[in-house]
Amino acid sequence: MKQQLGFYMQFSALVFLPLLIFLQLEIGLKIIYMPICLLIGVVLFIVGTRLRES
């Protein structure tokens, strides 16, 4: 169960971050949202990795 949750967390981070870049280029989000969302994506990926390894 933990491995599946970790996989979905990693998958969502890998889908979310390129989508965030696309939205930044197309819509022009405020500059403060980019680092915050990047940090959230990195934390999500790290937690997913730890769950998959356990």
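Since the structure is predicted, the reported quantities are computational estimates derived from the model, not experimental observations.

1. Remarks on helix H1 (residues 2-26)
Between the first and last C-alpha of H1 there are 36 Å, a value that for 25 residues agrees with the 36 Å anticipated at 1.5 Å per step. Of the positions making up H1, those classed as buried are Gly-6, Met-9, Gln-10, Ala-13, Leu-20 and Gln-24. On its buried side, H1 packs onto helix H2 (33-53).

2. Regarding a nonpolar patch on the surface
On the surface, a cluster of nonpolar side chains totalling about 530 Å² of accessible area is made up of Ile-31, Ile-32, Tyr-33, Ile-36 and Ile-40. Looking at the element boundaries, Tyr-33 is found in helix H2. The partly exposed category is assigned to Tyr-33, whose relative accessible area is 42%.

3. A closer look at H2
When the terminal C-alpha atoms of H2 are compared, their 30 Å separation across 21 residues agrees well with the 30 Å that a helix rising 1.5 Å per residue should span. What H2 keeps buried is the set Cys-37, Gly-41, Gly-48 and Leu-51. All buried residues of H2 lie within an arc of 90° about the axis, which places them on one face of the element. Facing away from the buried side of H2 by over 90 degrees, the exposed positions are Leu-39, Arg-50 and Glu-53. Buried-residue contacts for H2 involve H1.

4. Some remarks on the packing of H1 against H2
Where H1 contacts H2, the two axes come as close as 7 Å, and the packing angle between them is 160°. It follows that H1 is roughly antiparallel to H2 by the angle criterion. Here the hand of the crossing between H1 and H2 comes out left-handed. Taken together, the residues of the contact of H1 with H2 break down into 16 nonpolar, eight polar and two charged.

Definitions and cut-offs
- Residues numbered from 1 in each chain as written.
- Predicted model: local features only at pLDDT ≥ 70, side-chain atom pairs only at ≥ 80, totals over all residues.
- Heavy atoms only, no water.
- Helix = DSSP H or I, 4+ residues; strand = E, 2+ residues; numbered from the N terminus.
- Expected span 1.5 Å × (residues − 1).
- Buried < 20%, exposed > 50% of the residue type's maximum accessible area, 1.4 Å probe, protein only.
- Contact = heavy atoms within 4.5 Å.
- Patch = residues over 30% accessible without salt bridge, like charges linked within 9 Å, V, L, I, M, F, W, Y side chains within 5 Å.
- Areas by Shrake-Rupley, 256 points an atom, 1.4 Å probe, with all protein chains shown as cover.
- Salt bridge = Lys/Arg side-chain N within 4 Å of Asp/Glu carboxyl O.
- Arc of directions from axis to C-beta.
- Axes fitted to C-alpha atoms, helices over the stretch in contact; angles between N-to-C directions.
- Parallel < 35°, antiparallel > 145°, perpendicular 65-115°, else oblique.
- Left-handed = near helix turned anticlockwise from the far one by under 90°.
- Nonpolar A, V, L, I, M, F, W, Y, C, P; charged D, E, K, R; others polar.

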